Amino acid sequence: MTYVDINNVLSRGQFTSKKAQDKLVKEGQKASTSLRNPESADAIIQATQSGEKNHYLSQHDHFHPNQRGYTLMARQLASAVAKVNHWTTK
């Protein structure tokens with residue numbers, strides 16, 4: 001069994017760099033003062049209902065992956081399988 005961590009990739013979406021996450025935190029703090037943890041980029045991505053959204057999640061519920069999200073998950077899985085199964089590269 002191999003564990004494939006997709007949480008950070010899907011939760012942070014296109015906000016992969018520290019700079020992008022810091023910018024998102026600042027924008028989120030301006031948009032909403034009711035967030036429990038305004039220092040967390042993940043919390044702001046999930047809670048902010050205006051502005052730029054996570055490109056990998058459904059626009060309907062901002063929770064489930066969309067097509068891009070599923071493609072990203074498949075790439076993560078293929079990468080993990082290739083690392084542990086040497087026979088896939090032959």
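Reading guide: rules and limits
- Residues numbered from 1 in each chain as written.
- Predicted model: local features only at pLDDT ≥ 70, side-chain atom pairs only at ≥ 80, totals over all residues.
- Heavy atoms only, no water.
- Helix = DSSP H or I, 4+ residues; strand = E, 2+ residues; numbered from the N terminus.
- Buried < 20%, exposed > 50% of the residue type's maximum accessible area, 1.4 Å probe, protein only.
- Polar contact = N/O pair within 3.5 Å; in protein donor to acceptor, adjacent residues only side chain to side chain.
- Contact = heavy atoms within 4.5 Å.
- pLDDT = per-residue confidence, 0-100.
- Salt bridge = Lys/Arg side-chain N within 4 Å of Asp/Glu carboxyl O.
- Expected span 1.5 Å × (residues − 1).

### Section: the side chain of serine 58
- Note on placement: serine 58 falls in the loop between helix 3 (41–47) and helix 4 (67–84).
- Residue serine 58 is classed as buried on the basis of its relative accessible area of 14%.
- Among the polar contacts made by the side chain of serine 58, one reaches the main-chain amide nitrogen of histidine 60 at a distance of 3.0 Å.
- Residue contacts for serine 58: discarding those within four places in its chain leaves Phe63, His64, Pro65 and Asn66.

### Section: the confidence of the model for the chain
- Per-residue pLDDT for the chain has a mean of 75; in total, 67% of the residues score no lower than 70.
- Within the chain, helix 3 has the poorest average pLDDT of any element, 59, and helix 4 the best, 90.

### So, the environment of leucine 57
- If you trace the backbone, leucine 57 turns up in the loop between helix 3 and helix 4.
- With relative accessibility at 9%, the residue leucine 57 sits in the buried group.
- When the C-alpha atoms of leucine 57 and tyrosine 70 are compared, they prove to be 9.1 Å apart, with 13 residues separating the residues in sequence.
- Beyond its immediate chain neighbours, meaning those up to four positions away, leucine 57 contacts Leu10, His62, Phe63, His64, Pro65 and Asn66.

### Looking at the pattern of salt bridges
- Across all of its chains, the model carries one salt bridge by this definition.
- The partner of aspartate 22 in a salt bridge is lysine 18, and the shortest N-O contact between them spans 3.1 Å. Remark: lysine 18 and aspartate 22 occur in helix 2 (residues 18–31); sequence separation between them is four residues, near one turn of the helix.
- Taking the relative accessible area as the measure of exposure, aspartate 22 reaches 34% and is therefore partly exposed.

### Brief notes about helix 4
- Counted at 1.5 Å a residue, the expected span for helix 4 with its 18 residues is 26 Å, and the 26 Å between its end C-alpha atoms agrees.
- Elements in contact with the buried residues of helix 4: helix 1 (7–12).
- Capping of helix 4 at its N-terminal end is provided by asparagine 66; its side-chain oxygen lies 3.0 Å from the backbone amide nitrogen of arginine 68.

### Examining the side chain of asparagine 54
- Its place among the elements puts asparagine 54 in the loop between helix 3 and helix 4.
- The class of asparagine 54 is buried, set by a relative accessible area of 4%.
- A distance of 2.8 Å separates a polar atom in the side chain of asparagine 54 from the backbone nitrogen of tyrosine 56.

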